[in-house]
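Spelled out from the first residue to the last, the chains are:
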Amino acid sequence: MKPAKFEYVAPTTVDAAVEALRAANGEGKVLAGGQSLLPLLNFRMTRPAVLVDLNGIKELSFIELRGDRVAIGALTRHREIEQSPLIASKLPVMAAAMRHVAHLAIRNRGTIGGSLSHADPAAELPMLSLFYGARLSVQGPSGRRTIAAEDFFVDALTNCLAPEEIVVEIEFPILQHDGWAFEEVARRFGDFALASIAVAVRRGASIIEDTRVAVMGVADTPLRLKDVEDKLRGTTIDGQTPDRFSELVTSCVSANGDLHASAEYRQHLLGQLAKRAMQTALAAKG
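Residues numbered from 1 in each chain as written. Predicted model: local features only at pLDDT ≥ 70, side-chain atom pairs only at ≥ 80, totals over all residues. Heavy atoms only, no water.

Q: Kindly report on the overall build of the chain, identifying the contributing residues and their values.
A: Counting its secondary structure elements, the chain contains twelve helices and 14 strands. Taking 19 Å as the expected radius of gyration for a compact globule of 286 residues, we find that the chain reaches 19 Å, a close match to that expectation. Counting only C-alpha atoms, the chain reaches 60 × 45 × 30 Å along its principal axes. Counting only residues that meet the buried cut, the chain has 51% of its 286 residues in that class. Of the contacts made within the chain by residues no fewer than 6 positions apart, 64% connect residues no fewer than 24 positions apart. By element, 50% of the accessible surface of the chain is carried by carbon and sulfur atoms, the whole surface being about 13100 Å². (Helix = DSSP H or I, 4+ residues; strand = E, 2+ residues; numbered from the N terminus. Rg over C-alpha atoms; globule rule 2.2 N^0.38 Å. Buried < 20%, exposed > 50% of the residue type's maximum accessible area, 1.4 Å probe, protein only. Contact = heavy atoms within 4.5 Å. Areas by Shrake-Rupley, 256 points an atom, 1.4 Å probe, with all protein chains shown as cover.)

So this is what it looks like as structure tokens:
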């Protein structure tokens, strides 16, 4: 099918993009990479009166180190993140996860701001924003404001942005952990995850001093498992740690079922991925 008729606007500044959305009176849509929006347009599942194309706003594409954080512009392509030496060095879990984001053709066009705004519960970048405790900078008619990732995702395919607001950049804190892992299972490599988990640990002489855990594909939004982190912190590291971790994760998550996988299968799968991820994280040399 072809999209319904719409007005096309191609601003070259963020201010002009926000003004175009404001003038659309809630009937505007933002085009970034377009990898999710264009199919919706073609199937007429969304019918905006105005399409605001951000691709001419060059200032929204960057990856830079800011002290103890890495800032990424909203228009930065998935492939740029995947290939960035800075991301590999400072945000290694993100670097590992990016290889699982869709397929190469999509990674060449898809953007981090678009993925976060689309808020798909089985997409890697929304989960990574929770995992790292990212903060999103968004701009609207009243100026810029900052939103914590944990407040950004409201429901499946739903974020907290006002209709005239645009994500402009995201800051990811650099974690001080010495072991990490990312595990995911999909029907085909690059498809949406049936279940996925990201783990980071900081080890003492024989205990887990700190940890970070997030999952996706099992609920209506990605989840950071703070209860699991609290229960794991300070525990002794031994041969049973991966099994205990798996039990903690599955006890704190009630997986959803759908046409792709039953709730029981997802729950079991998540437990197995959690065990494997903790084994990998603890085996890291730091």
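Q: I'd love a proper account of the environment of His 78, names of residues and values included.
A: Within the fold, His 78 resides in helix H3 (residues 78-83). In this structure, the C-alpha to C-alpha distance between His 78 and Ser 115, residues 37 residues apart in sequence, is 9.3 Å. Residues within four places of His 78 in sequence aside, it is in contact with Met 98, Val 101, Ile 106, Arg 107, Gly 110, Thr 111, Ile 112, Ser 115 and Leu 125.

Q: So what's going on with the side chain of Glu 184? Residues and values would help.
A: In this fold, Glu 184 is placed in strand E11 (residues 179-186). For the buried Glu 184, no salt bridge is present, and the opposite-charge side chain at shortest range is Arg 107, 9.5 Å distant. Excluding residues that lie within four positions of it along the chain, Glu 184 makes contacts with His 100, Glu 124, Asp 191, Ala 193, Ala 195, Ser 196, Met 216 and Leu 273. (Lys, Arg positive; Asp, Glu negative; His and termini not counted. Salt bridge = Lys/Arg side-chain N within 4 Å of Asp/Glu carboxyl O.)

Q: So what about the layout of surface pockets? Which residues, and what values?
A: Put simply, the largest pocket is a space of about 1400 Å³. Along its surface, the largest pocket is lined by 49 residues, and Ser 36, Leu 37, Gly 114, Ser 117 and His 118 are the ones closest to its centre. Of all the secondary-structure elements, those providing two or more residues to the lining of the largest pocket are strand E2 (28-31), helix H2 (37-42), helix H7 (112-118), helix H8 (124-132) and strand E10 (166-173). Among the elements that take part in the lining of the largest pocket, H7 stands out by supplying five residues, more than any other. Tallied by class, the residues present in the lining of the largest pocket amount to 24 nonpolar, 19 polar and six charged. A volume near 380 Å³ is recorded for the second largest pocket. What lines the second largest pocket is a set of 17 residues, among which Ala 122, Phe 192, Asp 258, His 260 and Arg 266 lie closest to the centre. Taken together, the residues of the lining of the second largest pocket break down into seven nonpolar, four polar and six charged. (1 Å grid on protein atoms, 1.4 Å probe; cavity = no way out; pocket = protein on both sides within 12 Å on 5 of 7 lines; lining within 4 Å. Points joined across faces, edges and corners; volume = space filled by probe spheres on them. Nonpolar A, V, L, I, M, F, W, Y, C, P; charged D, E, K, R; others polar.)

Q: Provide a residue-level description of the nonpolar core, including the pertinent values.
A: In this structure, Met 94, Tyr 132 and Phe 172 are the most contacted members of the largest nonpolar core, which totals 42 residues. In this structure, Ile 197, Val 199, Val 228 and Ala 277 belong to the second largest nonpolar core, which totals 27 residues. (Core = buried A, V, L, I, M, F, W, Y, C linked by side-chain atoms within 4.5 Å.)

Q: So, the pairing of strand E4 (residues 63-66): which residues are in play, and what are the values?
A: The sheet contact formed by E4 and strand E5 (residues 69-73) spans four bridges and is antiparallel. When the sheet's bridge partners are listed, Leu 65 is paired in E5 with Val 70. (Pairing = 2+ DSSP bridges.)

Q: Tell me about the pattern of salt bridges, and please be specific about residues and values.
A: Within the structure shown, the criterion is met by 19 salt bridges. The closest approach of N and O atoms between Glu 209 and Arg 202, which form a salt bridge, is 3.5 Å. For Glu 209, a relative accessible area of 38% corresponds to the partly exposed category. Its salt-bridge partner being Arg 244, residue Asp 238 comes within 3.1 Å of it at the nearest N-O pair. Relative accessible area serves as the criterion here: at 33%, Arg 244 is assigned to the partly exposed category. Salt bridges sharing common partners tie together Arg 202, Glu 209, Asp 210, Asp 230 and Arg 233.

Q: Break down the pairing of E2 for me, with residues and values.
A: Both E2 and strand E3 (residues 50-53) contribute to a ladder of four bridges, which runs parallel. Bridge pairing in E3 places Val 30 opposite Val 52. Since E2 and E3 lie parallel, the crossover through H2 that links them has a hand, and here it is right-handed. (Right-handed = clockwise from strand over helix to strand, strands pointing away.)

Q: Outline helix H12 (residues 263-283), listing residues and values.
A: Helix length check: H12, at 21 residues, gives a terminal C-alpha distance of 30 Å against a target of 30 Å (1.5 Å per residue), a fit within 8%. All of the buried residues in H12 are Arg 266, Leu 269, Leu 270, Gly 271, Leu 273, Ala 274, Ala 277, Met 278, Ala 281 and Leu 282. As for H12, its buried residues are in contact with E11, strand E12 (193-203), strand E13 (208-216), helix H10 (226-232) and helix H11 (241-252). (Expected span 1.5 Å × (residues − 1).)

The analysis is restricted to geometry; functional conclusions fall outside its scope.
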